[in-house]
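# Fold and contact review
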Amino acid sequence: MATGAPTTYSPSPSNKKQQSIFKDVDWVRPDGRGFHHCRPAFLKTGMVNAASGSAYVEFGNTKVIVSVFGPRESKKAMMYSDIGRLNCNVSYTTFSSTIRGQGADNKEFSSVLHKALEGAIILETFPKSTVDVFALVLESGGSDLPVIISCASLALADAGIMMYDLVTSVSVSCLGSNLVIDPITEEESCEDGSLLITTMPSRNEVTQLNINGEWSTPKIHEAMELCLTACSKLGELMRSYLTEPEPEPASASEE
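If you're wondering where the values come from, they're calculated on a predicted model, not measured in any experiment.

Rules of the game
Residues numbered from 1 in each chain as written. Predicted model: local features only at pLDDT ≥ 70, side-chain atom pairs only at ≥ 80, totals over all residues. Heavy atoms only, no water. Phe/Tyr/Trp six-rings, centres within 6.5 Å; stacked < 30°, edge-to-face > 60°. Helix = DSSP H or I, 4+ residues; strand = E, 2+ residues; numbered from the N terminus. Buried < 20%, exposed > 50% of the residue type's maximum accessible area, 1.4 Å probe, protein only. Pairing = 2+ DSSP bridges. Axes fitted to C-alpha atoms, helices over the stretch in contact; angles between N-to-C directions. Contact = heavy atoms within 4.5 Å. Patch = residues over 30% accessible without salt bridge, like charges linked within 9 Å, V, L, I, M, F, W, Y side chains within 5 Å. Areas by Shrake-Rupley, 256 points an atom, 1.4 Å probe, with all protein chains shown as cover. Salt bridge = Lys/Arg side-chain N within 4 Å of Asp/Glu carboxyl O. Core = buried A, V, L, I, M, F, W, Y, C linked by side-chain atoms within 4.5 Å. Lys, Arg positive; Asp, Glu negative; His and termini not counted. Polar contact = N/O pair within 3.5 Å; in protein donor to acceptor, adjacent residues only side chain to side chain.

### Describing the packing of aromatic side chains
- Counted by the stated rule, this structure contains two aromatic pairs.
- Both rings, one in Phe69 and one in Phe134, keep their centres 5.9 Å apart while their planes meet at 70 degrees; by these two values the pair is edge-to-face. Note that Phe69 is positioned in strand 3 (residues 62-73) and Phe134 in strand 5 (residues 129-139), a separation of 65 residues in sequence.
- Classification of Phe69 as partly exposed rests on a relative accessible area of 30%.

### Structural notes on the sheet that holds strand 3
- Spatial strand order, 1-2-3-5-4: five strands in an open sheet with mixed pairing. Looking at the sheet topology across the chains shown, the edges are occupied by strand 1 (41-45) and strand 4 (85-92). Adjacent strand axes in the sheet meet at a mean angle of 15 degrees, parallel and antiparallel pairs treated alike.
- Of the strand pairs in this sheet, strand 2 (residues 53-59) and strand 3 are connected by seven bridges, and their pairing is antiparallel. The residue of strand 3 that forms the bridge with Ser54 is Ser67.
- Strand contacts of helix 4 (residues 217-243): strand 1 and strand 2, with the helix running at about 35 degrees to strand 1, the strand carrying the most contacts.

### Let's talk about a nonpolar patch on the surface
- Nonpolar side chains collect at one region of the surface, where Val206, Leu209, Ile211 and Leu228 lie side by side and expose about 290 Å² of accessible area between them.
- Sort the elements by how many residues they give to the nonpolar patch and strand 9 (residues 205-213) lands first, with three residues.
- Summarising the element assignment, Ile211 is placed in strand 9.

### Details of the nonpolar core
- One finds Leu113, Leu117, Ile121, Val133 and Leu156 to be the most contacted residues of the largest nonpolar core, which totals 44 residues.
- Ranked by the residues each element gives to this core, the list is headed by helix 2 (residues 144-158), at nine residues.
- Listed in part, the 14 residues of the second largest apolar core include Cys38, Val170, Cys174 and Ala230.

### A few points about the sheet that holds strand 6 (residues 168-175)
- Here four strands make up an open sheet; going across it, the order is 7-6-8-9 and the pairing antiparallel. Of all the strands in the sheet, the pair left with one neighbour each is strand 7 (178-181) and strand 9. Averaged over all neighbouring strand pairs, the angle between strand axes comes to 20 degrees, with direction disregarded.
- Its contacts with the sheet place helix 1 (residues 107-118) against strand 8 (193-200) and strand 9, and it is angled at close to 150 degrees to strand 9.
- Where helix 4 meets the sheet, its contacts fall on strand 6, strand 7, strand 8 and strand 9, and the angle it forms with strand 6 comes to roughly 145 degrees.

### Observations concerning the pattern of salt bridges
- A full pass over the atoms with the stated rule returns nine salt bridges.
- Between Asp182 and Arg33 there is a salt bridge, with the nearest N and O atoms lying 3.7 Å from each other. Remark: Arg33 occurs in the segment before strand 1 and Asp182 occurs in the loop between strand 7 and helix 3 (185-188); sequence separation between them is 149 residues.
- A residue is classified by how much of its surface remains accessible, and Asp182, at 3% relative accessible area, is buried.
- Judged by relative accessible area, which is 11%, Arg33 ranks as buried.
- A salt bridge links Arg72 to Asp132; its shortest N-O distance comes to 2.6 Å. Of the two residues, Arg72 is situated in strand 3 and Asp132 in strand 5; the sequence distance between them amounts to 60 residues.
- Among the ionic contacts, a cluster of salt bridges with common partners joins Asp31, Arg33, Arg39 and Asp182.

### Thoughts on the side chain of Asp144
- Topologically, Asp144 is positioned in helix 2.
- At 6.3 Å, Arg39 is the nearest oppositely charged side chain to Asp144, a buried residue that forms no salt bridge.
- Here Tyr92 takes part through its side chain, which lies 2.9 Å from a polar atom of the side chain of Asp144.

Honestly, it's all geometry; don't read function into it.
As structure tokens, this is what we get:
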């Protein structure tokens, strides 16, 4: 089911002329993308044989693998729960970043991942049970959290966990007067603000919205519109991947 090449999920290009962040210097994104262009995405499921489901994704240089285990019987304290329980853990490899000590559990990301996924999973389908989601960032290239969330959704689908819809996430950075979608690490390091949206695109529902920095109301609306459009297209890409029939092995020709 693997896609042959990375596929973009960028929103439609804006007709507005891109303005430079600095008055005296024409500013270009480090990877050459337009301000409203997302990185190509590569998707692959079934990467971890021991897991109930798994997914590996590459969004540019950001590389994430997620493993899903369960549903398994919950501990005694959770025995009488009528709905299932979701555990999420996000960690980084020691070689994921040039920053020393980066390889560690990230409690903040784990919490955001839990909130983003919990509303999309039909927890009533596995009462008294727990599903564990383990996300590992192999390479940190920017926009790590939205990539983790989207990858985890793909892994849950691969595990056969019942969901209301796939979950997709996209972020935007505010750099001067410009909004750049799907920012890389260099852009995130000098952003004036950031906005992250997590959605269930088929249901047109926002499951999470995180805003950092100072934003004007028009800029928030513009950033949300960019993210929602990209989330919708990413959802189509993920759904297409999951429903694409697995290619049959080529038969040897008879002599």
